[in-house]
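Results of the structural survey
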Amino acid sequence: MNRIAVLTSGGDAPGMNAAIRAVVRKSIYHQIDIYGIYRGYQGLIEDDIKELKVHSVADIIQRGGTVLSTARSEEFRSKEGQQKAIKNLSNRGIEGLIVIGGDGSFRGSMELAKQGIKVIGIPGTIDNDIPGTDQTIGFDTAVNTVISLIDKIRDTASSHDRTFVVEVMGRHAGDIAVRAGLAGGAESIVIPEAAYNFEDISARLKKGYSRGKKHSIIIVAEGVGSGEMVAEKIKKHTGLDTRVTVLGHVQRGGTPTAYDRWLASLMGAKAVDLLLESQSGLMVGIVNQQIVGIPFTQAFTERPKLDLDAYELSKILSI
Ligand code: ATP
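Now for a look at the structure at hand. (Residues numbered from 1 in each chain as written. Predicted model: local features only at pLDDT ≥ 70, side-chain atom pairs only at ≥ 80, totals over all residues. Heavy atoms only, no water.)

This next bit is on the sheet that holds strand β5 (residues 118-123). The strand order across the open sheet built from seven strands is β3-β2-β1-β4-β5-β10-β11, with neighbouring strands paired in mixed fashion. This sheet does not close on itself; its edge strands, each paired only once, are β3 (49-52) and β11 (290-295). Neighbouring strand axes in the sheet, compared pairwise and without regard to direction, differ in orientation by 30° on average. Contacting β1 (3-8), β4 (96-101), β5, β10 (282-287) and β11, helix α9 (residues 258-276) runs over the sheet at an angle of about 140° to β10. (Pairing = 2+ DSSP bridges. Helix = DSSP H or I, 4+ residues; strand = E, 2+ residues; numbered from the N terminus. Axes fitted to C-alpha atoms, helices over the stretch in contact; angles between N-to-C directions. Contact = heavy atoms within 4.5 Å.)

See the structure below:
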């Protein structure tokens with residue numbers, strides 16, 4: 001393989017730049033020409049492609065977002081769109097493609113792989129909702145961002161003896177809520193993967209206040225509905241002064257943590273290695289601290305795994 005390309009697709013995640021840097025420099029190390037495709041699959045369809053050099057990825061390892069820009073492309077879902085994409089790749093003699101994104105992006109990659117392009121995926125999403133890998137690029141940074149914000153909210157919550165409901169991202173997954181809730185010392189965590197009832201949450205809150213607790217933080221994963229809805233129910237059950245904070249897109253930005261840069265670097269390099277072995281239709285994952293190639297199909301079929309032990313532990317530790 002002499003020529004490969006890299007793109008970012010779907011939602012951005014901190015650490016994507018570190019992955020791009022690793023892909024570019026590992027390719028150049030192996031004397032492979034490396035191209036950057038801008039704006040995901042839409043840019044591929046529109047031939048928004050440039051060759052990247054060692055200096056093209058200088059000074060980006062510490063930056064959030066993606067220097068290649070990302071996009072969602074309706075056109076790429078159609079066979080005609082995919083044909084345009086394949087034509088643009090073959091016109092440039094590009095034989096392999098590395099896609100950094102979420103499961104939707106990998107479904108698109110599968111379509112290209114079926115039509116003869118060698119494609120490797122790298123999981124980049126703050127939600128950590130891709131089965132087959134223990135962690136995705138961006139998750140650790142998002143959790144750290146949430147924790148630092150919880151710490152700030154706790155300062156004001158304790159000054160005013162208030163209950164705060166904090167809504168965090170994660171789409172249908174409760175991973176951010178559980179990781180940040182346990183590490184941030186939340187009094188309750190509400191996630192889509194576990195049954196909850198407001199009587200129980202309210203009873204725990206009242207118990208805390210009766211032993212002199214001055215404030216409480218309840219973390220709500222966006223997948224259960226909304227923080228507002230949870231706050232309303234708690235107010236109704238307890239009469240407590242309850243405020244809501246929706247953290248929103250601040251969770252997607254910021255400087256990637258050391259862990260995310262490390263993970264992204266290893267995954268980027270592994271993706272190039274897999275292409276060099278003529279592999280295709282695989283996603284790079286981290287499983288038990290090993291960087292491995294996993295068939296895309298596994299990423300689509302298995303249910304996301306969430307550490308419910310950590311969820312249960314958070315209840316014990318927040319009594
Ligand atoms: P995130 O988890 O951040 O949302 P994602 O990769 O899951 O990232 P999607 O919007 O689902 O984001 O997918 C990104 C792009 O991948 C889509 O805009 C579309 O171009 C392409 N894509 C998704 N699903 C398919 C599919 N079944 N066939 C072809 N292309 C697809």
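With that settled, consider unusual backbone geometry. In the Ramachandran plot, Gln 31 falls in the positive-phi region, its phi being about 60° despite a non-glycine side chain. Examined against the element boundaries, Gln 31 turns out to sit in the loop between α1 (16-29) and β2 (33-37). According to the relative accessible area criterion, Gln 31 is exposed, its value standing at 70%. Residues other than glycine seldom take positive phi values, yet Asn 288 does so here, at roughly 50°. Tracing the chain through its elements places Asn 288 in the loop between β10 and β11. We classify Asn 288 as exposed; its relative accessible area is 64%. (Buried < 20%, exposed > 50% of the residue type's maximum accessible area, 1.4 Å probe, protein only.)

Our focus in this paragraph is the pairing of strand β6 (residues 163-168). Within β6, six of the six residues are buried, leaving the element largely enclosed by the surrounding structure. The side-chain alternation of β6 yields two buried faces, one formed by Thr 163, Val 165 and Glu 167 and the other by Phe 164, Val 166 and Val 168. When β6 meets strand β8 (residues 216-221), the two strands line up parallel, connected through six bridges. Its bridge partner lying in β8, Phe 164 is registered against Ile 217. Relative to strand β9 (residues 242-246), β6 runs parallel, the two being bridged by five bridges. Within β9, the position partnered with Val 165 by the bridge is Val 244.

Not every one of the 17 residues close to the ligand is listed here, only the nearest: Gly 11, Arg 72, Ser 73, Gly 104 and Ser 105. Interatomic distance of 2.6 Å between a side-chain N/O atom of Arg 72 and an oxygen atom of the ligand. Between the ligand and Gly 102, the relevant distance is 3.0 Å, taken from an oxygen atom to a main-chain nitrogen or oxygen of the residue. Calculation on the ligand without its partners gives an accessible area of 630 Å², and the protein chains cover 86% of this total. By residue number, the principal contributor to the shell around the ligand is helix α4 (residues 103-114), which donates six residues. Partitioning the shell around the ligand into residue classes produces two nonpolar, nine polar and six charged. (Near = heavy atom within 4 Å. Polar contact = N/O pair within 3.5 Å; in protein donor to acceptor, adjacent residues only side chain to side chain. Areas by Shrake-Rupley, 256 points an atom, 1.4 Å probe, with all protein chains shown as cover. Nonpolar A, V, L, I, M, F, W, Y, C, P; charged D, E, K, R; others polar.)

Read these as layout, nothing more, since geometry by itself doesn't imply function.
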